[in-house]
Amino acid sequence: MDKLLYGVAYYDEYMPYERLEKDMEMMKAANINVIRIAESTWASEEPEDGVFDFTHVERALEASQKAGLSVIVGTPTYAIPPWLAAKHPEILAVTPRGKGKYGARQNMDITSPIYRFHAERVIRKLMECVQKYPHVIGFQLDNETKHYNTCGPNVQKMFAKYLRDKFGTVEAMNEAYGFNYWSNRVDSWENLPDPTGSINWSYVGEFSKFQRSLVDEYLAWQAKIVREYAREDQFITHNFDYEWRGYSYGVQPDVNHKLAAKCLTVAGCDIYHPTQDKLTGKEIAMGGALCRNLKQDNYLVIETEAQGHANWTPYDGQLRLHAFSHVASGANAVMYWHWHSIHNSFETYWKGLLSHDLQPNAPYREACTIGADFARLSHKLVNLKKKNRVGMLVSNEALTALSLWRFNYNDVMRWMFDTLYEMNIECDMLFPQDENFEDYDVLVVPALYSAPRELLERIRDFVKNGGELVTTFRTGFTDDNQKVYPEVQPAVLQDCLGIAYDEFTIPENVGIQSHVLSIPADQQQASLWMELVRAEDADVLAYYDHKFWGKYAAITENAFGEGHATYLATMTSAAALKAVFERVLKRAGVWGVEQQTKFPMIIKNAVNMDGKTVHFYFNYSRDDVEQVYLHADGVELISSDSVQNGDIMTFEPWGFKVIEEK
Amino acid sequence: MDKLLYGVAYYDEYMPYERLEKDMEMMKAANINVIRIAESTWASEEPEDGVFDFTHVERALEASQKAGLSVIVGTPTYAIPPWLAAKHPEILAVTPRGKGKYGARQNMDITSPIYRFHAERVIRKLMECVQKYPHVIGFQLDNETKHYNTCGPNVQKMFAKYLRDKFGTVEAMNEAYGFNYWSNRVDSWENLPDPTGSINWSYVGEFSKFQRSLVDEYLAWQAKIVREYAREDQFITHNFDYEWRGYSYGVQPDVNHKLAAKCLTVAGCDIYHPTQDKLTGKEIAMGGALCRNLKQDNYLVIETEAQGHANWTPYDGQLRLHAFSHVASGANAVMYWHWHSIHNSFETYWKGLLSHDLQPNAPYREACTIGADFARLSHKLVNLKKKNRVGMLVSNEALTALSLWRFNYNDVMRWMFDTLYEMNIECDMLFPQDENFEDYDVLVVPALYSAPRELLERIRDFVKNGGELVTTFRTGFTDDNQKVYPEVQPAVLQDCLGIAYDEFTIPENVGIQSHVLSIPADQQQASLWMELVRAEDADVLAYYDHKFWGKYAAITENAFGEGHATYLATMTSAAALKAVFERVLKRAGVWGVEQQTKFPMIIKNAVNMDGKTVHFYFNYSRDDVEQVYLHADGVELISSDSVQNGDIMTFEPWGFKVIEEK
Amino acid sequence: MDKLLYGVAYYDEYMPYERLEKDMEMMKAANINVIRIAESTWASEEPEDGVFDFTHVERALEASQKAGLSVIVGTPTYAIPPWLAAKHPEILAVTPRGKGKYGARQNMDITSPIYRFHAERVIRKLMECVQKYPHVIGFQLDNETKHYNTCGPNVQKMFAKYLRDKFGTVEAMNEAYGFNYWSNRVDSWENLPDPTGSINWSYVGEFSKFQRSLVDEYLAWQAKIVREYAREDQFITHNFDYEWRGYSYGVQPDVNHKLAAKCLTVAGCDIYHPTQDKLTGKEIAMGGALCRNLKQDNYLVIETEAQGHANWTPYDGQLRLHAFSHVASGANAVMYWHWHSIHNSFETYWKGLLSHDLQPNAPYREACTIGADFARLSHKLVNLKKKNRVGMLVSNEALTALSLWRFNYNDVMRWMFDTLYEMNIECDMLFPQDENFEDYDVLVVPALYSAPRELLERIRDFVKNGGELVTTFRTGFTDDNQKVYPEVQPAVLQDCLGIAYDEFTIPENVGIQSHVLSIPADQQQASLWMELVRAEDADVLAYYDHKFWGKYAAITENAFGEGHATYLATMTSAAALKAVFERVLKRAGVWGVEQQTKFPMIIKNAVNMDGKTVHFYFNYSRDDVEQVYLHADGVELISSDSVQNGDIMTFEPWGFKVIEEK
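Note that this is a predicted model, so its numbers are computed, not measured.

Rules behind the numbers
- Residues numbered from 1 in each chain as written.
- Chains lettered and ligands numbered in written order.
- Predicted model: local features only at pLDDT ≥ 70, side-chain atom pairs only at ≥ 80, totals over all residues.
- Heavy atoms only, no water.
- Contact = heavy atoms within 4.5 Å.
- Buried area = accessible area lost by both parts, 1.4 Å probe.
- Salt bridge = Lys/Arg side-chain N within 4 Å of Asp/Glu carboxyl O.
- Polar contact = N/O pair within 3.5 Å; in protein donor to acceptor, adjacent residues only side chain to side chain.
- Helix = DSSP H or I, 4+ residues; strand = E, 2+ residues; numbered from the N terminus.
- Buried < 20%, exposed > 50% of the residue type's maximum accessible area, 1.4 Å probe, protein only.
- Least-squares fit on C-alpha atoms with pLDDT ≥ 70 in both.
- Patch = residues over 30% accessible without salt bridge, like charges linked within 9 Å, V, L, I, M, F, W, Y side chains within 5 Å.
- Areas by Shrake-Rupley, 256 points an atom, 1.4 Å probe, with all protein chains shown as cover.
- Lys, Arg positive; Asp, Glu negative; His and termini not counted.
- Charge placed at Lys NZ, Arg CZ, Asp CG, Glu CD.
- Core = buried A, V, L, I, M, F, W, Y, C linked by side-chain atoms within 4.5 Å.
- Expected span 1.5 Å × (residues − 1).
- Phe/Tyr/Trp six-rings, centres within 6.5 Å; stacked < 30°, edge-to-face > 60°.
- Lys NZ or Arg CZ within 6 Å of the ring centre and 35° of its normal.
- Domains from an automatic or database assignment.
- Nonpolar A, V, L, I, M, F, W, Y, C, P; charged D, E, K, R; others polar.
- Pairing = 2+ DSSP bridges.
- Axes fitted to C-alpha atoms, helices over the stretch in contact; angles between N-to-C directions.
- Disulfide = S-S within 2.5 Å.

**Considerations on the interface of chain C and chain A**
Right, so step 1: Contacts between the two partners involve 52 residues from chain C and, on the opposite side, 49 residues from chain A.
Right, so step 2: Counting each side, the surface lost to burial between chain C and chain A is near 4,200 Å², with a carbon and sulfur contribution of 55%.
Right, so step 3: Area buried by chain C at its contact with chain A is led by N344, F346 and Y349 of chain C, which between them contribute 17% of it.
Right, so step 4: Linking chain C with chain A are four salt bridges, by the criterion used here.
Right, so step 5: Linking D316 of chain C and K551 of chain A is a salt bridge whose minimum nitrogen-to-oxygen distance equals 2.8 Å.
Right, so step 6: In this structure, the connection of chain C to chain A is made through 30 residue pairs in polar contact (both at pLDDT 80 or more).

Encoded structure:
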């Protein structure tokens, strides 16, 4: 990317009256330099079967070209037209709830050849239409693609093929999945039971994994089509989204982002998050770390909220804080969904930058200041590189497997991520597919419940070779088929961790007590899960505080090879986890000036294209804050003021500073 | 009506043993003067297809005639016989949950020609049977008719026709509904999507409105049949019910009562409400005001509880309080559902006046006193006229539109209605169809979220011409297609209200502060919704109390034309709303002696057929209460005691007095 | 039974690697003397249609024979193989939720002839296979059989036949069920409505009863087949389970255990219960009392937890406490489900005695001590007889009828049972089929809501003949068709109880007050239900404490014939109920030394085969406890220490002592 992108999704199609020139003018005034168009408007682009009308697309392209804006063109495929559903109702995905109804988006069977036929045709027509515009800088494939739980007979046939390829014989599958249990043993591929009725979590989990692979194939298929038309300088991206809890919460259960991103040239995502008094920047950091991993590079925030839901209406200053937080995480684009607020339908209350009256308003005025700063500082803030020493390994397989036991993986991941965030430790995310564990000093592994022996061995090697591992309860419990390792737990890692356990329970009125770690008296509870760990070689950092379980270890630490492995056998308070992290990070030498302060004062570091280090100081609080400048002398880029190490800086509520070292 | 009706639903069909003479005797003793029969007993009346047996109807008619009771005959059509469902299962309504099963009542497709054929036949047979009885005073069409969410293919065809008639072209519809959004644009009437799967609330809301219109047509169809047989002196009514929350709560979402009532000669309804310590009279007043509007006249309470559910078992005196509260609202009938308590099936615990042992019991003994009073005072209490100066405008369209956003319209309506009630301000209800806004001094308009420009202009004119308007958040936001007005909000009313806003949020820890209104410190919270209002011409009565939102107005008041318009941008406590109402009502001169007391002492006023003013004083509390008599000298009708202005009257728990001015 | 059985369910089929010899060795070492096999492994035994493979069964039989263990063989029929579901999908039960999917167990239509054909074939093959092994001591038919809510068209045809047999004419049925209500009157058997859509609880309740009868027939059918092969010395049992609330809670709604057990020679059940700090022994006592009734004899605990769910992981000592508590209730077998912890599928976290690592662990080591004690004390503890003087009458019909009103019968049953338990009053359970009410001094009858006149008359006679009855609200309200008795309530028992009521309500802020009973001030609340009882002949033990209901009785007592009848018109605290029971029990002379202590010190008594009385003292608490020995001098069997009356015995947390009188 050669500049910082500041943009909006724009829908000429949705406007209640002719607004195009006026909108371009207002964007221009705000230094908005890119719009995303065409995504999700198939019915406007192909109003009847085989009849194409790209009026709105061309209008937007012409007007934006004239206004000097860049454009990202999205393929419109994630919402099908009514005529297509009416003509081919079999396109609608069969899910465990039965056949879907037309109406919402993302309800089709993405494997349907009928769907593929029509999707390919409209993509090609669209690409032909937009090909001639030099200001189209890239393409977005579909949008927030998932498998929509498609599981009809055709999909189950594909699954049978997938299983045959994986196992060769039903006997091997029966063995791997323990299908003898409850008389589930399968005699032949044609009698494979419907996974949506199964109580065999190995089988069900495999089906989820298979469903995720459909997304990989689907996006690669679209990428191949788009690439036939795209210029060399045009990127291909996708707007990935995260586990949704009313906002972006964690690893996406229904897509393996790492695998799905293979067909892209640039990673993209949407990040939505609470605001007002609940604004913390955690989702911005977490989503950014996940997306930064996908191509090991900068990424695009293709959607984020301007006003969004009614309870997200931003306080003054918060839009600025959001935008610069994304940039500080390595985003090269901050784009609002969307320009205006829609006047009908489902997302009327997912408000854009403009309100329904389409007039300049408080968010727009604040956006103008962001646009101006982005334009002025683009060279200094684009393509920022992060050099983090802590990696966190996340796993779709563990997430799925635990979810079948109604245990939320992302809660554990966020407990660890958020705690590091509050300590001002920036971390990278890693997927099992990543080979570079050794690039990190500290590897944090939440609840890696389902993992092949090979992956656990790589973690073990990381420690052996001098790494610092922090892992938790439930790690190393089952293999990649969700078969419990029939050996002493934690499997494979047992010697590395120096512990053993075979019993576990749900803590009720259980605490932890430590002579090593300093944990406030009211922060000593154990929660969610507890393993009755026997420290065999390991040192015990904390025992359970309980009449009968007190003999078991809650937190252990083991020297193994050149490194150390720390184990949390239960979920602790953030305070206790901080004490553990502090111990580990200090030993690993990952303890810097940033640790002299903490949330709500958040510091992020990066190196810009000039090779200069840039420090972002963010005040994630409703109060005025004073903070000493902790880094080397530099210049605050917004104000152009010089800043010396030791200077006391004053921050407004939700204020921030960006200091480039000299 | 020439007398006050006191009655019960009576089912000879349900009796566990021969009781008819005994029951009539007991009714007579209680001065019960009317029974409702035949409703919901189709399978007894037509035990086999085409075989009719009106034995129970005739028995009840003969016995009641002999006993001197009047009869209301209900058509039996709201519960179909098993043979009909077995022979024509297509009669059962298809709803979004799929095909219904036989068993419950009100599960048929009211548009089904098969249903209509059979319903018409049994109605005609019944009418022929009852025609000869002079003591039949009226007919009830069906019972609590709604559309039962019928939405099968035949209904959707009717909806398509309805849309064609409304819009002419799909293009006009696409525009009105913003169907470009999420690729919902429709190319032709035959490809109209199923509204039950749609995420376009304009379309979904229109379907609800269409479904409500089915009820209008259905009742008119029945009325036409019944009228062929009815004598001039016989009324035609219906038993409307309200939004049900375990009791009658507010405007009925599935019927537009105003339109459905067009075919009736007298309005009727059922009103069920909490009792014991939760008895307030609010539902009696609210339901009465709604029903009184329908024919702009007195109405019948065709069903209300005697004992009802287990948690409604009345305290001594409460049955009397209920009965006279209905009369004081303008009811000409108070009828219990039902005479006895049923020994089998679904409503065994919806107890009647008699318990299952069918013996005189506490409620029966209390009913005897009511019957005696009604008989004695009938002339003075029948056809009471209300002259209220406050009107409250309610809207099915706003209700439906807000419900799609999971926002409960009736909560806002009840917040305003109940607050007025507690202040002893009686009010009338108005529907958008009513043309007589100018008859009122004060117009209260809760959350009129969906309204055509014309309606908003009528409200604006009301103020301009000297009226006092009190309206709230969300009024004037969308047109009648639920398209957000693309202008500064509140649309149309902006100059009248003298305010503007384009942002809103959900209040969390937000208060309101006022230098004008006196609001107790612990009653200053904002809740549910808050708009960030800029007072342009208006005076600010209260600002938000919040660090960042404090610059916006929470309550405003604007002089416009000859009148004033008050706006509540957030839901306040009842105390704050009372302060607003007090200010407005005093300015409007609607502030009388009744405002010297307040709930739980409730005062209702009316004028009787002798032209005399009658004052009802109700003690809605579990305690003995003393209350000064505030009105002109008169006679307490129950006791026949004289009462002078200024007298201190003593009320028992749940006691009341009825004073007719001299 | 000639010895105390200590066993496990064993699944060679589920083992992750060859373990058989090792497992037998470990069992032997633990004095485990019986395994249950074959149950639920149909797909392993018949991997393809008509192809049988009893390898795992034979391996387990051979190895156990060699190790000297006994075997219980279960028929595998409660989980069908995938090939069977694939070939005959019509086997899967149609329930109110529609057609089931293959995957889980217990999802077939147990009436299906296709299912019966295949089930019979595999049972016969299995029986042929196991016939030759002398150490097979018995057979278990199916497992936890229920009707699985099968209600497809074929089942409804059977129901029509059942109704024809019961009523003869539709008229009789219409009358009994009050089908006139809401037009449900049936004209002919072929138009019978689907009971799953009905709102007539009489009809719905009858369908439940009919569905329960399917289980009786099904088990009898299996018993007949098995009996063809079984030797005289081999028992036939079944593993009944109880109402499931995450653990065994009460009377099973879907089976009438008394009727279903007719085909068995020994009763069996599973009992699962909370542990850790929530371990009380109540479910052990309750489940035992119910099972002991079925054959009026000792019973087998065929399944209970070793480790079980994560929140059941036992504290040290708790496994011992469980085991001896079962024995003290009359169990001749204590068997864990299951030996090891399964490595795949649905019950991975329903852990067995061994954990997933299959190594000796804490529970196993504790089991070794139990096995040793059982082996040593077998003769003294097997076939223990109970002689209880209190009987509690439970009813499936009352349970079903109340459940239709969302009223939980078992909550009332447990309120009474648990209160007696805490008082150290052991009681027997009785079913309406039992004729021996007169064997008891005190009859406790919770909420006998639905009962034929004949049953109520037997209860009345029990009192008349000198018995002490304690019964509650809702008893005697409806007949066996759930028709409310149209007479003064409580029906039939009115003179016996000396009371009458016709009104009832849900208590809110209602207390009870008594000058007779001593009830702590904070234990006087009324809850759940309250009847407004007029004490006609009865003495009032407590009135309601309430401004308006205070004139009604909450607890009454009546002398009737030679006995007394006590009535609780509302649910009280346990403390109040204890006061009632104390009064009654003392009058009945059922007040012994056991009542000098109370929960958590639980005492159970029995007589062993030597005719000696054995006293079990259980410390159900997390604390050390001292307790005086209250009975005649004897020997503590575990320690072999002598114990004299009056000795102070010390109990560890969860400890116990077993004293055999001299």
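Let us keep going from here.
**Here we look at unusual backbone geometry**
Right, so step 1: That bond from F599 of chain A to P600 of chain A is cis: its omega, 10°, falls within 30 degrees of zero.
Right, so step 2: In this fold, P600 of chain A is placed in the loop between α17 (574-587) and β26 (601-607).
Right, so step 3: In this structure, H338 of chain B follows W337 of chain B across a cis peptide bond, with omega equal to 0°.
Right, so step 4: Of note in the backbone geometry, Q482 of chain B takes a positive phi value of approximately 60° without being a glycine.
Right, so step 5: Structurally, the position occupied by Q482 of chain B is in the loop between β16 (468-472) and α16 (494-497).
Right, so step 6: For N149 of chain C, which is not a glycine, the phi torsion comes out positive at approximately 55°.
Right, so step 7: A relative accessible area of 31% places N149 of chain C in the partly exposed class.

**Let's talk about the relation of the copies chain B and chain C**
Right, so step 1: When chain B is brought onto chain C, the operation consists of a screw motion whose angular component is 120° and whose axial shift is 0.0 Å, with 0.0 Å RMSD remaining. The symmetry that links the two subunits is that of a three-fold axis.

**A look at a negative patch on the surface**
Residues and elements named next belong to chain A.
Right, so step 1: There is a patch of like negative charges on the surface, built from E438, D439, E457 and D461.
Right, so step 2: By the element assignment, D461 lies in helix α15 (residues 453-464).
Right, so step 3: For D461, a relative accessible area of 33% translates into the label partly exposed.

**Section: the nonpolar core**
In summary, soluble globular proteins display a tendency toward joint burial of nonpolar side chains.
Right, so step 1: Ranked by internal contacts, the top residues of the largest apolar core, which has 647 residues, are W339 and L381 of chain A, W339 and L381 of chain B together with W339 and L381 of chain C.
Right, so step 2: Once you skip the residues sitting within four places of it in the chain, W339 of chain C turns out to touch V8, A9, Y10, M15, D23, M26, M27, I32, G352, L353, L354 and Y364 of chain C.

**Observations concerning helix α3 (residues 55-67) of chain A**
All names here are of chain A.
Right, so step 1: Under the 1.5 Å per step criterion, the end-to-end length of α3 is 18 Å for 13 residues, consistent within 8% with the ideal 18 Å.
Right, so step 2: Of all the residues in α3, the buried ones are V57, A60, L61, A63, S64 and A67.
Right, so step 3: In the core, the buried residues of α3 are packed alongside α1 (20-29), β2 (34-37), α2 (42-45), β3 (70-74), α5 (113-130) and β6 (136-140).
Right, so step 4: Looking one or two residues past α3, G68 carries a phi angle of roughly 80°, positive in sign.

**A closer look at the packing of aromatic side chains**
Note on aromatic pairs: each is described by the distance of the centres and the angle between the planes.
Right, so step 1: By the definition in use, this model includes 155 aromatic pairs over all chains.
Right, so step 2: A centroid spacing of 5.6 Å and a plane angle of 45° characterise the contact between F159 of chain C and Y203 of chain C, whose relative ring orientation is tilted. Separated by 44 residues along the polypeptide, F159 of chain C in helix α6 (residues 153-167) and Y203 of chain C in helix α8 (residues 201-229) bring together distant segments of the chain.
Right, so step 3: Owing to a relative accessible area of 0%, Y203 of chain C belongs among the buried residues under this scheme.
Right, so step 4: Above the ring of F407 of chain A, the side-chain terminus of R474 of chain A is found at 4.6 Å from the ring centroid.

**Some points on the domain arrangement of chain A**
Residues and elements named next belong to chain A.
Right, so step 1: Under the domain assignment used here, chain A contains domain 1 (5-82 + 108-145 + 213-381), domain 2 (153-205), domain 3 (390-589) and domain 4 (598-661).
Right, so step 2: Between the C-alpha centres of domain 2 and domain 3 the distance comes to 32 Å.
Right, so step 3: In this complex, domain 2 contributes ten residues to the contact, which on the side of domain 3 involves six residues.
Right, so step 4: Of the roughly 650 Å² buried at the junction of domain 2 and domain 3 (both faces included), carbon and sulfur atoms supply 52%.

**Regarding the interface of chain B and chain C**
Right, so step 1: Listed by partner, the interface residues are 52 residues for chain B and 48 residues for chain C.
Right, so step 2: Each partner contributes to the roughly 4,200 Å² buried at the junction of chain B and chain C, and carbon and sulfur atoms together form 55% of this total.
Right, so step 3: When the buried surface of chain B facing chain C is broken down by residue, N344, F346 and Y349 of chain B rank first, second and third, together holding 17% of it.
Right, so step 4: Between K101 of chain B and D194 of chain C there is a salt bridge, with its nearest N and O atoms 3.9 Å apart.
Right, so step 5: At the boundary of chain B with chain C, the tally comes to 31 residue pairs in polar contact (both at pLDDT 80 or more).
Right, so step 6: Of all the secondary-structure elements, those providing two or more residues to the side of chain B that touches chain C are α2 (42-45), α4 (82-87) and α12 (362-381) of chain B.
Right, so step 7: The residue makeup of the side of chain B that touches chain C, split by class, is 25 nonpolar, 16 polar and eleven charged.

**Things to note about the pairing of strand β22 (residues 539-545) of chain A**
Right, so step 1: Looking at chain direction, strand β19 (residues 511-513) of chain A and β22 of chain A are connected through three bridges and run antiparallel. In the sheet register, Q513 of chain A faces β22 of chain A, and the bridge partner there is Y543 of chain A.

**Observations concerning the pattern of salt bridges**
Right, so step 1: Applying the stated criterion to the full structure yields 135 salt bridges over all chains.
Right, so step 2: We note a salt bridge from R292 of chain A to D428 of chain A, for which the minimum N-O separation is 2.8 Å. Here the residue R292 of chain A occupies a position in helix α10 (residues 282-294), and D428 of chain A occupies one in strand β14 (residues 427-430), the gap between them amounting to 136 residues. Residue R292 of chain A shares its accessibility class with D428 of chain A, and that shared class is buried.
Right, so step 3: Close ionic contact of D502 of chain B with R534 of chain B constitutes a salt bridge, the shortest N to O distance being 3.1 Å. With D502 of chain B in the loop between β17 (499-500) and β18 (504-505) and R534 of chain B in strand β21 (residues 534-535), this residue pair connects regions lying 32 residues apart in the sequence.
Right, so step 4: Classification of D502 of chain B by relative accessible area gives buried; the value is 8%.

**Side note on the sheet that holds strand β12 (residues 331-336) of chain A**
All names here are of chain A.
Right, so step 1: Pairing is parallel across the open sheet formed by eight strands, whose spatial order is β7-β6-β3-β2-β1-β12-β11-β10. Two strands lie at the open edges of the sheet, namely β7 (235-237) and β10 (267-271), each paired on one side alone. Across this sheet, the average inter-strand angle for adjacent strands is 25°, counted without regard to direction.
Right, so step 2: As paired strands, strand β1 (residues 5-9) and β12 are joined by four bridges and run parallel to one another. Bridge pairing in β12 places V8 opposite Y336.
Right, so step 3: Of the strands in this sheet, β2, β3 and β6 touch α3, which is tilted by about 175° from β2.
Right, so step 4: Running at roughly 150° to β12, helix α11 (residues 318-328) makes contact with β10, β11 (299-304) and β12 of the sheet.

**Brief notes about the side chain of N396 of chain A**
All names here are of chain A.
Right, so step 1: With respect to the helices and strands, the residue N396 is situated in helix α13 (residues 396-404).
Right, so step 2: With a relative accessible area of 2%, N396 lands in the buried category.
Right, so step 3: If we ignore the near neighbours within four places in the chain, the residues touching N396 are R212, V251, Q252, P253, V255, N256, H257 and F431.

**Regarding α5 of chain A**
All names here are of chain A.
Right, so step 1: With 18 residues, α5 ought to run about 26 Å at 1.5 Å a step, and its terminal C-alpha atoms sit 25 Å apart, in line with that.
Right, so step 2: Listed as buried for α5 are Y115, R116, H118, A119, V122, I123, L126, M127, C129 and V130.
Right, so step 3: Of the surrounding secondary structure, the elements contacted by the buried residues of α5 are α2, α3, β3, α4 (82-87), β6 and α8 (201-229).
Right, so step 4: Between the side-chain oxygen at the start of α5 and the backbone nitrogen of I114 there is a gap of 3.2 Å, and the oxygen is on S112.

**Notes on the state of the cysteines**
All names here are of chain A.
Right, so step 1: Counted according to the given criterion, the structure contains zero disulfides over all chains.
Right, so step 2: C269 forms no disulfide, and the closest cysteine sulfur to it belongs to C291, at a distance of 3.7 Å.
Right, so step 3: You can call C269 buried: its relative accessible area is 0%.
Right, so step 4: Unpaired in this structure, C427 has its nearest cysteine sulfur neighbour in C291, at a distance of 15 Å.
Right, so step 5: Residue C427 is classed as buried on the basis of its relative accessible area of 4%.

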